[in-house]
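Here is what each chain is made of, one letter per residue.
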Amino acid sequence: MRPSGRIGLAILAVLAAAAVAAPWLAPVGPTDAGDVVLTRFLPPGAIDDSGIFHLFGTDRLGRDVWSRLLHGARISLLVATLATVVSVGAGVLIGGLAAVVSGRVSLILLGLTDFALALPRVVLLLLLAALWEPSAALVIVTLGLTGWMPIARLTYGESVVQLGRPYVEGSRALGGSRARIFVRHVLPNVAPSLLAATTLGLGNAISLEAGLSFLGLGVQPPTASWGTLIASGRETVVNAPWVGLVPGVALVLVVVGATLVADALERDPA
Amino acid sequence: MPAPLPPLRFGMIRAPLVVFGVVTLTFLLLHLAPGDPVVRLLGPEASALDVARIRAALGLDRPVAEQFLRWIGRAIRGDFGTSIATGRPVARMLWEAWPATVILVGLSIGLSHLLGIAVAAWQTTTRRRAVDGALSGLSGLLAALPGYWLAFVLVVVFSYALRWLPAFGAAGLDADLLEPGARLLDRLAHLALPLATLTLIGIGTTARYTQGTLRRVAAEPFLTLARAKGAGPARVLFRHHLRNGLIPVVTLLGLSLPALFSGAVFVEGVFAWPGIGSVLIQAVQARDYPVVMAATTVSALLVVLGSVAAEVLLHRVDPRARS
């Protein structure tokens, strides 16, 4: 992998490790607040009256931004990962099916994909998120259901190419069923391109998760997610801009990391 | 073996189909959603009789299919009903909102493509690797920025720290009292931050994509031929390289419209920019069903019309697409 891809991978690995280790890295709990009068809106680097060091300051309730960032990473990264799993699963299923079966079913599946691609994703997200009770599970389902189309198109395009290869004909001659040929022969050859698209989708998912939570339609406060953190930072933008700036930087890091990895995978496939 | 995936094209027949699909989907989603909208609307204090009366008044006691056909019939005549939350005609709310969205999205598409293509052209023609690398990094970073957060950063810097630009709205409170010249300046000042947010992100996406297509054309023999004929670098770039390298960008323009519109929804929300996106967010949060239906329909229409326009443009710029 080219150096830029390794940097991206390192960024993602460090952030994922930080999310896993959040309870040990965070000085206090994500919703723990000190004396609200003495500890609210402490600037980054301040030490409060009970001697706790606040690397990124505190918010309007005196909660430690660094601790909330770490715990928010768990929610945000987990939700985005699961959403990506849903969208990749659905995309591979639909795209693969369209490639393997021929005729009318295939045309219907492709038409469905083209149609879904033409929908404004955020409008759908808003609808789905607003009509049901907002929760992390809903965000996973809605992001998954609105993110499968590029994966389906990619799977279809690459699978059709693979299905024309001689080894597929060989397997068919040996009596391999269509499902077996797809899973055993086609999918492993499509996987490298899928990996690049999946990484890119992960970056998108985390950004959209935060967007939904930011609008109050995703993960609900007081649970810390990067979106709820940015949203609460927006309310205190005048006197405590760090509350919203810090989680945003983390978010951008993840998206940049995912883009770098996806680019590297695309340019020199494994 | 099915035919290879056809290029994503709308055509005049598929455009209305997509809009119809969006409308049907929205309607179904609204009716599949758990909970009675009227109970939500009136709150826990409403009596069962009140709920029943409002249901009847809104036509919600009818079968779903009948409600749907009624809605379509009225929507075709431009009647989107009355907003539950504000009591105003929905058509009027949207009629007031759409120019703001079209101005914002249209200007940002124009600006971001112009600047994004310029960045990509600079990258492909420069001999200095450091410049190429720096521009790649910059466009990658811009493309990665979530719109609502970039908006937040711009507000922190330009509205609160520097105090140069207003943080939200489309016009100042005193806009109606200003002289025409000053009023225009006030409008432009309010447009600046939302437009900058969308444009900066757009530059990143366009530059990344265009850079790839220009690089693929860079090795073509006709460029070598043009240089051998003695054409200067500017002529090679504009007459030969860009003319061929930018064709896929036109397709990208059509494909990226849904994403652009989606981005605009968040950005409109953050800046309280009075467009379709803001109307939609407020309606969704207030569960104002008639407004949600209409705003979704109009946004789908805008996206589809944009895609058709991009396809027409493609036919104009690429003689090969006409056959």
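None of these values were measured; they are calculated from a predicted model. (Residues numbered from 1 in each chain as written. Chains lettered and ligands numbered in written order. Predicted model: local features only at pLDDT ≥ 70, side-chain atom pairs only at ≥ 80, totals over all residues. Heavy atoms only, no water.)

J.: Help me out: how do you make sense of the overall build of chain B in this one?
T.: Looking only at helices and strands, one finds 14 helices and 0 strands in chain B. In terms of overall dimensions, chain B has C-alpha extents of about 85 × 60 × 35 Å along its principal axes. Of all 323 residues assigned to chain B, the portion counted as buried reaches 47%. Summed over all atoms, the accessible surface of chain B reaches about 17,000 Å², with 67% contributed by carbon and sulfur. Charge separation in chain B, taken as the distance between the mean sites of 29 positive and 17 negative side-chain charges, equals 16 Å. (Helix = DSSP H or I, 4+ residues; strand = E, 2+ residues; numbered from the N terminus. Buried < 20%, exposed > 50% of the residue type's maximum accessible area, 1.4 Å probe, protein only. Areas by Shrake-Rupley, 256 points an atom, 1.4 Å probe, with all protein chains shown as cover. Lys, Arg positive; Asp, Glu negative; His and termini not counted. Charge placed at Lys NZ, Arg CZ, Asp CG, Glu CD.)

J.: What is the right way to read the pattern of salt bridges from this model?
T.: As a working rule, side chains carrying opposite charge can pair if their charged atoms are close by. All names here are of chain B. Enumeration according to the criterion identifies 5 salt bridges over all chains in this entry. Here Arg88 makes a salt bridge to Glu96, at a shortest N to O gap of 3.1 Å. On the basis of relative accessible area, Glu96 is assigned to the partly exposed category, the value being 45%. Arg215 is the salt-bridge partner of Asp132, the closest N and O atoms lying 3.5 Å from each other. Taken as a pair, Asp132 in helix α6 (residues 129-144) and Arg215 in helix α8 (residues 180-218) lie far apart in primary sequence, 83 residues in all. On the accessibility criterion, Asp132 (18% relative accessible area) is buried. Residues joined by salt bridges that share partners form a network here, namely Arg62, Glu66 and Arg70. (Salt bridge = Lys/Arg side-chain N within 4 Å of Asp/Glu carboxyl O.)

J.: I keep staring at the layout of surface pockets and nothing clicks. Help me out?
T.: Any space left empty among the atoms is revealed by the rolling of a water-sized probe across them. Residues and elements named next belong to chain B. If you add up the space inside the second largest pocket, you get close to 650 Å³. With 5 residues, helix α4 (residues 64-76) is the largest single contributor of residues to the lining of the second largest pocket. For the lining of the second largest pocket, the residue count by class is 15 nonpolar, 6 polar and 4 charged. (1 Å grid on protein atoms, 1.4 Å probe; cavity = no way out; pocket = protein on both sides within 12 Å on 5 of 7 lines; lining within 4 Å. Points joined across faces, edges and corners; volume = space filled by probe spheres on them. Nonpolar A, V, L, I, M, F, W, Y, C, P; charged D, E, K, R; others polar.)

J.: Just checking my understanding: could you explain a nonpolar patch on the surface for this structure?
T.: All names here are of chain A. Nonpolar side chains collect at one region of the surface, where Ile47, Phe53 and Leu55 lie side by side and expose about 290 Å² of accessible area between them. Structurally, the position occupied by Leu55 is in the loop between β2 (53-54) and α4 (65-100). You can call Leu55 partly exposed: its relative accessible area is 35%. (Patch = residues over 30% accessible without salt bridge, like charges linked within 9 Å, V, L, I, M, F, W, Y side chains within 5 Å.)

J.: Even after reading the chapter, I still don't get the interface of chain B and chain A, so can you show me in this structure?
T.: Interface size is commonly expressed as the accessible area that is lost once the parts come together. Residue-level contacts link 48 residues of chain B with 51 residues of chain A. In total, about 4,300 Å² of surface goes out of reach between chain B and chain A, with carbon and sulfur atoms giving 77% of it. Put simply, chain B and chain A have 1 salt bridge between them. Linking chain B with chain A are 4 residue pairs in polar contact (both at pLDDT 80 or more), by the criterion used here. (Contact = heavy atoms within 4.5 Å. Buried area = accessible area lost by both parts, 1.4 Å probe. Polar contact = N/O pair within 3.5 Å; in protein donor to acceptor, adjacent residues only side chain to side chain.)

J.: So what exactly am I meant to see when it comes to the side chain of Ser112 of chain B here?
T.: Residues and elements named next belong to chain B. Within the fold, Ser112 resides in helix α5 (residues 90-125). A distance of 2.6 Å separates the side chain of Ser112 from the backbone oxygen of Ser108, its partner in a polar contact. In this structure Ser112 touches Thr199, Gly202, Ile203 and Thr206, once residues within four positions along its chain are discounted.

J.: Is there a simple way to explain unusual backbone geometry in this structure?
T.: The phi torsion of most residues other than glycine is negative, and most of the peptide bonds are trans. Residues and elements named next belong to chain B. Here Arg163, not a glycine, exhibits a phi torsion of approximately 60 degrees, which is positive. According to the relative accessible area criterion, Arg163 is exposed, its value standing at 66%. One non-glycine residue, Ala272, lies in positive phi territory at about 50 degrees. Residue classification places Ala272 among the partly exposed residues on the basis of a relative accessible area of 40%.

J.: Hey, could you run me through a positive patch on the surface in this one?
T.: Taken together, Lys229, Arg235, Arg239 and Arg243 of chain B make up a surface patch of like positive charges. Counting through the fold element by element, Arg235 of chain B comes out in helix α10 (residues 233-245).

J.: Would you mind showing me how to read helix α12 (residues 276-286) of chain B here?
T.: For the α-helix, the turn length of 3.6 residues means that residues three or four positions removed from each other point alike. All names here are of chain B. Here α12 lies mainly inside the structure; 8 of its 11 residues are buried. Listing the buried residues of α12 in full gives Ile276, Gly277, Ser278, Val279, Leu280, Ile281, Ala283 and Val284. Positive phi appears at Arg287, one or two residues downstream of α12, with a value of about 50 degrees.

J.: Where do I start with the nonpolar core in this structure?
T.: Soluble globular proteins: nonpolar side chains tend toward being buried together. If you look at the biggest cluster of nonpolar residues, it comprises 121 residues, and the most contacted ones within it are Leu126, Ile206 and Trp226 of chain A together with Trp71, Leu94 and Tyr148 of chain B. If sequence neighbours within four positions are ignored, Tyr148 of chain B has contacts with Ser207, Ala210, Gly211, Phe214, Ile230 and Leu251 of chain A together with Phe266 and Val270 of chain B. In this structure, Val88, Ala99, Leu109 and Leu194 of chain A belong to the second largest nonpolar core, which totals 22 residues. (Core = buried A, V, L, I, M, F, W, Y, C linked by side-chain atoms within 4.5 Å.)

J.: Explain the packing of α5 of chain B against α12 of chain B here, please?
T.: Packed helices, taken two at a time, are described by the angle their axes make and the gap between the axes. All names here are of chain B. Across the interface, α5 lies against α12 with an axial gap of 7 Å and an inter-helix angle of 130 degrees. In terms of their interaxial angle, α5 and α12 are classed as oblique. Here α5 contributes Leu94, Ala97, Trp98 and Thr101 to the contact with α12, which in turn contributes Ile276, Gly277 and Val279. For the contact of α5 with α12, the residue count by class is 5 nonpolar, 2 polar and no charged. (Axes fitted to C-alpha atoms, helices over the stretch in contact; angles between N-to-C directions. Parallel < 35°, antiparallel > 145°, perpendicular 65-115°, else oblique.)

J.: Help me out: how do you make sense of the confidence of the model for chain B in this one?
T.: Caution applies to low-pLDDT parts of the model: their predicted coordinates are not meant to be read in detail. All names here are of chain B. Chain-level statistics for chain B give a pLDDT mean of 80 and a share of 92% at 70 or above. Residue range residues 1-10 is modelled with pLDDT below 50. Its contacts to residues more than four positions away, or to other chains, number 27 contacts. Confidence metrics for the complex model read pTM 0.79 and ipTM 0.77. (pLDDT = per-residue confidence, 0-100.)

J.: Is there a simple way to explain the side chain of Ser108 of chain B in this structure?
T.: Residue and element names in this part refer to chain B. Mapped onto the elements of the fold, Ser108 is located in helix α5. You can call Ser108 buried: its relative accessible area is 1%. Contact partners of Ser108, with chain neighbours within four places excluded, come to Leu195, Leu198 and Thr199.

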